[in-house]
Every structure is written in structure tokens, then in C-alpha cells.
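So the chains spell out like this:
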Amino acid sequence: MFENVKRNFGFGCMRLPMVDGEVDLAQVNRMVDTFIEAGFNYFDTAHGYIEGKSEKAVKACLTSRYSRDRYILANKLSDWFFKTEEEVLPLFEQQLEICGVEYFDFYLFHALNRNSYQKHKNCNTFEIVNRLKAEGKVKHIALSFHDTADILDMILTEQPQVEVVQLQINYLDYDDPAVQSKKCYDVAAKHGKKVIVMEPVKGGALVNLPPEAEKEFAALGDAAPVSYALRYAASYPEVFMVLSGMGNMEMMESNIKTMHPFVPLNEQELAATDKAREIIRQYNQIPCTKCRYCAEVCPKNVPIADLFAVYNEYALARTTKKETAEKLASFEVKASDCISCGKCEGICPQSIKIREKLQNLAKM
Ligand code: SF4
Ligand code: SF4
């Protein structure tokens, strides 16, 4: 269907390696070269990733160094970057310019849910993107989605021109009532859409597992738990692409090994993911994927994802309560600085009750 896409694994440019607050371009250059030399060619960015630095890194490390036929580039229309219909086209043109390309292979309506979908409709973005496709500036129309399956069904019924759906699919969220991985996948398949997977390792939560969950995979062989998570996501028949936001060369090399040659999970391996899911759930972590969308809107610059990461180490029994309290208190901006405006909750794709969680952390 997408004949230029090579292999089923894509470089998500959301968590690039950083040095002193800037993208480590030298390392990203090496990662891009390694990725392309290994026969992969799909790259995914968005205007807000790493506070705008992802798109710039894509230009510096990819589009200015490789001819246009060597890579597939996906970008996104994020509703928090426009207020009116008039602002949509200038935003798109700006994205093309920053990325240094004349078209995007895939352009996604970003993080759609019931609320943002209404905003897109009000701002006529579906019509605008249809026109961009007719002009050749967008090759394929897609959407990424964070809401319940019935909403996805409604959107795909109303917008049949959408060719591809990007979903959060991982073995932990398979039957999660908020994420609804499997139900959303079934809806996409029912509409005949191909699927791109995001968050196959749930922001890193499926990389370092609790010891009992790790044992389930260790019993199968030497491969790391993360490799099962990636293969799990890629094993769904309608999935043609799995994205991973790789933060360093080591991760990239390990993931390349996992995904080429790609072998779907067998029954025994699938059973291990079922067992691991049950074990991980007992730890009650905050389901933050460190996407940092909330950082874009928080007026107090509360480091929400970092505070939650500290708490999750405690939830996994890797730190004591005292150590956790000390770490939480060491942040310059603390959980107690939250003014409960709720803006973060309006944008969080994981529907986390951020204010409530921060209040609990502040008490700690
Ligand atoms: S509710 Fe708190 S953490 Fe969320 S955006 Fe407002 S101030 Fe920031
Ligand atoms: S709290 Fe939500 S929006 Fe913020 S980083 Fe975590 S998952 Fe992303």
C-alpha cells in the first residue's frame, strides 16, 4: 500500500539525545546514518516535539543530508498551535520550511480526541489538508488518536479520506479502559485502515520491568524485555509501522536487531506478555509516557513528567518513601507549585488526573 516505506520500524524523533538542553546533533547524525544503512527509512516528528527542536534536528540530520527519495517523513497538525482556520496553512508552510522539505509523506491530525476533533472541524482543517494532498504537499492523510473506540469509529465514518490511523498499542494497554488499544485497533481494521503504532514500550515503562515480570521473558531466552514489546506491537496484521522514540545509539542498535529480520511473537511469547501485564499492573504506576505535551501548556512550568518518573521509581519499589520525598523536594519547581488550572489535563493523551496526582506528590 505504501510502497516507498521500507520495513516496519520507524524512528520517532520525540526523545532525541540531548546535551546541555540542545539536541545532540552529532549523535543524531550517527543514528540517522545507522538507521538508513540498516535499510529503514521512516521518520516521525511533530511541531512541538522537544519544544520545537525535533523538526530542526530532522532538517539538520536528515533532510539536509539525504536526497528526498531516501526517507519517508511524517509530521503532524497539532491543534494547540492554531486558534483559527487562518492560522492553519501558515503553520503547515512553517513546518515544511523548518523541516527543509517540499512535502510530507504522511501528515497526521495530531492526538485527536473528542474535543480536539471538534476544534479541527471548526477550523476546517480536514478540508485544508485535503487541498494540501491535491497539491502534492501531503502524500498520505493520517491521524493519531487518544480516546475511546466509539469516537474513533465516528471520526473514521465522517472522514473517510483518512488513510492511516496511529494508535497507542502495547501489551500493557491492550485492554486498558482509557487507552482501549485493542478496541481502537479493531475499529481501524473495520474501516480498512492501516495502523501505525506509537508508544510500543509505553514511554519506557516496558523497558525496565519489575523483577517478576522480567523473569517471564528471561525464561524464553536472552532477548531483552523491550524486544518483546516491539515485536508485540508489530505482530498485529494491520500494523505496517511501529515507532520508537529512541534516545541514543545503543537503543537504536538494539531495536534494529529486534526488528530486522522481524519475527512475530509466537504463542508462548504472547503468553509471557499476558503474564507480564498482570504483574506490572500490580505496581500502580502513574501511566505517564513522558510525551511532555503538558509542558507546552503549564503556566507554572511544573516538571510533571519528571515528578511522575520519580514517583514511579517508588511505585516499583526501587526507592524508599524518604528518598522519593527528598527527590521530589529537590526540584526547583515542585508539585506544590501547581495552581490547579487544569490546562495539562486538557492535553494529556493518557487522560491522567494530573492535578490529583500532583497533590498527592506534594503531600509526600
Ligand atoms: S494544573 Fe498545575 S501542572 Fe497542570 S498546567 Fe495547571 S499549573 Fe501546570
Ligand atoms: S502527564 Fe500526560 S501529557 Fe504530561 S508527559 Fe505524562 S503522558 Fe504526556
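Residues numbered from 1 in each chain as written. Chains lettered and ligands numbered in written order. Predicted model: local features only at pLDDT ≥ 70, side-chain atom pairs only at ≥ 80, totals over all residues. Heavy atoms only, no water.

## Topic: the packing of helix α2 (residues 53-63) against helix α3 (residues 88-99)
Condition: Where helices are involved, their axes are fitted lines through C-alpha atoms of the stretch in contact, as for all axes, and angles between N-to-C directions lie from 0 to 180°. Counting from the N terminus, the helices are the DSSP runs of H or I reaching at least four residues and the strands are the DSSP runs of E reaching at least two. If an angle is under 35 degrees, it is roughly parallel; if it is over 145, roughly antiparallel; if it lies from 65 to 115, roughly perpendicular; otherwise it is oblique. Contacts are residue-level and defined by heavy atoms, with any inter-residue pair within 4.5 Å sufficient. When residues are sorted by character, Ala, Val, Leu, Ile, Met, Phe, Trp, Tyr, Cys and Pro go into the nonpolar class, Asp, Glu, Lys and Arg into the charged class, and all the rest, Gly among them, into the polar class.
Two numbers describe how α2 lies on α3: the axes approach to 7 Å, and their chain directions differ by 40 degrees. By the angle between their directions, the pair α2 and α3 is classed as oblique. Across from Glu55, Lys56, Lys59 and Thr63 in α2, the residues of α3 making contact are Gln95, Glu97, Ile98 and Cys99. Of the residues that constitute the contact of α2 with α3, the class distribution is two nonpolar, two polar and four charged.

## So, the domain arrangement of the chain
The test is simple: Domain ranges listed in this record stem from an automatic or a database domain assignment. When a carboxyl oxygen of Asp or Glu lies within 4 Å of a side-chain nitrogen of Lys or Arg, that pair is called a salt bridge. Each polar contact in these results corresponds to two N or O atoms within 3.5 Å; when the atoms are within protein, one needs to be able to donate a hydrogen and the other to accept it, and residues that are neighboring in sequence are counted only if both atoms are side-chain atoms.
Each assigned domain of the chain is listed with its residue range as follows: domain 1 (9-281) and domain 2 (293-363). On a C-alpha basis, the centres of domain 1 and domain 2 stand 25 Å from each other. Contacts between domain 1 and domain 2 engage 14 residues on the former and seven residues on the latter. At the boundary of domain 1 with domain 2, the tally comes to zero salt bridges. Applying the counting rule to domain 1 against domain 2 returns four residue pairs in polar contact (both at pLDDT 80 or more). Across the side of domain 1 that touches domain 2, the residue classes break down as seven nonpolar, five polar and two charged.

## Considerations on unusual backbone geometry
Here His260 and Pro261 are connected by a cis peptide whose omega angle stands at 0 degrees. In this fold, Pro261 is placed in the loop between α10 (249-259) and α11 (267-281). Here the phi dihedral of Ile50 falls at roughly 50 degrees; this positive angle occurs in a residue that is not glycine. On the secondary structure map, Ile50 appears in the loop between β4 (42-44) and α2.

## Details of the packing of aromatic side chains
Quick note on the threshold: Two rings from Phe, Tyr or Trp (for Trp, the six-membered ring) form a pair when their centres sit within 6.5 Å of each other. Planes less than 30 degrees apart are called stacked, planes more than 60 degrees apart edge-to-face, and all others tilted. Each residue is placed in one exposure class: buried if its accessible area under a 1.4 Å probe, protein chains only, is under 20% of its type's maximum, exposed if it is over 50%, and partly exposed if it falls in between. Note on geometry: a ring has a charge over it if NZ (lysine) or CZ (arginine) is within 6 Å of the ring centre and within 35 degrees of the ring normal.
Counted by the stated rule, this structure contains 23 aromatic pairs. Ring centres of Trp80 and Tyr293 lie 5.4 Å apart, and the angle between their planes is 45 degrees; this geometry places the pair in the tilted category. You can see Trp80 sitting in the loop between β5 (72-77) and α3 and its partner Tyr293 sitting in helix α12 (residues 293-297), a full 213 residues away along the chain. Judged by its relative accessible area of 22%, Trp80 falls in the partly exposed class. An aromatic cluster is present here, built from Tyr171, Tyr185, Phe217, Tyr228, Tyr232 and Tyr236 joined pairwise through their rings. Over the ring of Phe82 we find Lys119, and its NZ or CZ is 5.1 Å from the ring centre. When the ring centre of Tyr103 is taken as origin, the NZ or CZ atom of Lys139, which lies over that ring, is 4.5 Å away.

## Describing the site of ligand 2
Inclusion rule: The nearness test applies per residue and asks whether one of its heavy atoms lies within 4 Å of the molecule or strand.
Every one of the 13 residues lining ligand 2 counts as a neighbour, but Cys288, Cys291, Arg292, Cys294 and Cys348 are closest to it. Of the residues assigned to the shell around ligand 2, the class counts are nine nonpolar, two polar and two charged.

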